[in-house]
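Spelled out, the chains give:
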Amino acid sequence: MNFSSPWKQFVQLLTFVNLPIRRKFTFFGVGTLFWFLLIGLLAVGSLTFVHFRYSQVSNTALPGLSLSLTLHPLMQTSIEELHAGETDKAVARLHQMHQRVSVALMNSAKAHSEGNIFEMLNRALAREDGKGMELLKTLLGQIQEASVAPSDSLLPLLLKAQTTLGAFTSHTDMQFSLHEQQINNTIRMAINAIALAIFI
């Protein structure tokens, strides 16, 4: 059985050999437009997802890590001052921590209501870091409770707040690593998909 003739007809069909020149240009234009649209959709989709994850990193993970780096030395110093009998200094540190946590919570709420309509929609679609916010609010309540507590019950409350701060730091670090990995995977997949579309 001779397959050369069907194969030749198939190749001619793909290369538009038997079509009029005007129809060849029409098919060429349609095909070019299709690939441009495909590459454009891949690029826009990947950039949108990267911006989606970057919003989560910049609005939750990075501020959370920065806050943790600020609070840990203050917490440790306040505990050391309490052991040294310097209760007034320890309470002053607690007021500093309370102020910084309060500002962080206000900035988090403010960040979700700023930007153009596309940025606000992107952030609205982003999943909230509910656990991180819950830990931060718990920490704020514990710091506030410790700042008005009698000196003899201050140390257990400080140690409790320190445990909550450690949990918040671990959670924020895990979220940052997760978003970073997802951004890298998205960029890698987008590059591969666009390269495949160009070479095809």
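Residue numbers run consecutively from 1 along every chain, following the written order of its sequence. Whole-chain, interface and lining totals are the exception, using all residues; otherwise, since this is a predicted model, local features are given only for residues with pLDDT of at least 70 and side-chain atom pairs are given and counted only at 80 or more. Only hydrogens and water are set aside when side-chain values are computed; all heavy atoms of the structure are taken into account.

**Focus on the overall build of the protein**
Basically, it comes down to this: Segments assigned H or I by DSSP are reported as helices when at least four residues long, segments assigned E as strands when at least two residues long, and all are numbered from the N terminus. When accessible area is computed with a 1.4 Å probe and restricted to protein chains, residues below 20% of their type maximum are described as buried, those above 50% as exposed, and intermediate ones as partly exposed. Each accessible area is a Shrake-Rupley result for a 1.4 Å probe, and residues are judged covered by the shown protein chains and nothing else.
Per the secondary structure count, the protein includes six helices and zero strands. Mapped from its N terminus to its C terminus, the protein presents α and β elements in the order α-α-α-α-α-α. Classification of the 200 residues of the protein by burial places 28% in the buried group. When the accessible surface of the protein is summed, it comes to about 13,200 Å², and 66% of that surface belongs to carbon and sulfur atoms.

**Observations concerning the packing of aromatic side chains**
Stated precisely, the cut-off is as follows: Ring geometry is summarised as follows: Phe, Tyr and Trp rings, the Trp one being its six-membered ring, pair when their centres sit within 6.5 Å, and such pairs are stacked at plane angles under 30 degrees, edge-to-face over 60 and tilted between the two.
According to the stated counting rule, one finds one aromatic pair in the structure shown. For the ring pair Phe34 and Trp35, a centre distance of 5.2 Å and an interplane angle of 70° mean the geometry is edge-to-face.

**Considerations on the environment of Ser102**
What counts is decided by this rule: Side-chain atoms alone can form a polar contact between residues adjacent in sequence; in general such a contact is a pair of N or O atoms within 3.5 Å, and within protein one must be able to donate a hydrogen while the other accepts it.
Within the secondary structure, Ser102 sits in helix α3 (residues 87-111). Ser102 sits 35 residues away from Lys137 along the chain, and the two C-alpha atoms are 8.8 Å apart. A polar contact of 2.8 Å, which involves the side chain of Ser102, links it to the backbone oxygen of His98.

**Here's the deal with the pattern of salt bridges**
Threshold: Any carboxyl oxygen of Asp or Glu that lies within 4 Å of a side-chain nitrogen of Lys or Arg is treated as forming a salt bridge with it.
All chains considered together, the criterion is met by two salt bridges. Here Lys89 and Glu86 are joined by a salt bridge, their closest N and O atoms 3.9 Å apart.

**Considerations on the confidence of the model for the protein**
Threshold: A residue's pLDDT is the confidence the predictor assigns to it, expressed on a 0 to 100 scale.
Model confidence for the protein is summarised by a mean pLDDT of 79, while 81% of its residues fall at 70 or above. Here helix α4 (residues 117-125) is the element of the protein with the lowest mean pLDDT, 55, and helix α5 (residues 130-147) is the one with the highest, 88.

**Points about the environment of Asn184**
Tracing the backbone shows Asn184 in helix α6 (residues 154-199). A residue is classified by how much of its surface remains accessible, and Asn184, at 38% relative accessible area, is partly exposed.

**Topic: α5**
Inclusion rule: The span expected for a helix works out to 1.5 Å for each residue beyond the first.
Here α5 contains 18 residues, and its C-alpha end-to-end distance of 26 Å stays within 8% of the 26 Å for a straight helix at 1.5 Å per residue. Listed as buried for α5 are Gly132, Leu135, Leu136, Leu139, Leu140, Gln142, Ile143, Ala146 and Ser147.

**What to know about the side chain of Thr172**
Note the threshold: The contact criterion used is simple: two residues touch if any of their non-hydrogen atoms lie within 4.5 Å.
Mapped onto the elements, Thr172 comes out in helix α6. Overall, the relative accessible area of 3% leaves Thr172 in the buried class. Dropping the residues within four chain positions of it, Thr172 is found in contact with Thr60, Ala61, Gly64 and Leu65.

**Examining helix α2 (residues 21-83)**
Look at α2: 91 Å from first C-alpha to last across 63 residues, which is about the 93 Å you get at 1.5 Å a residue. Gly85 sits one or two positions beyond α2 and adopts a positive phi of about 85°.

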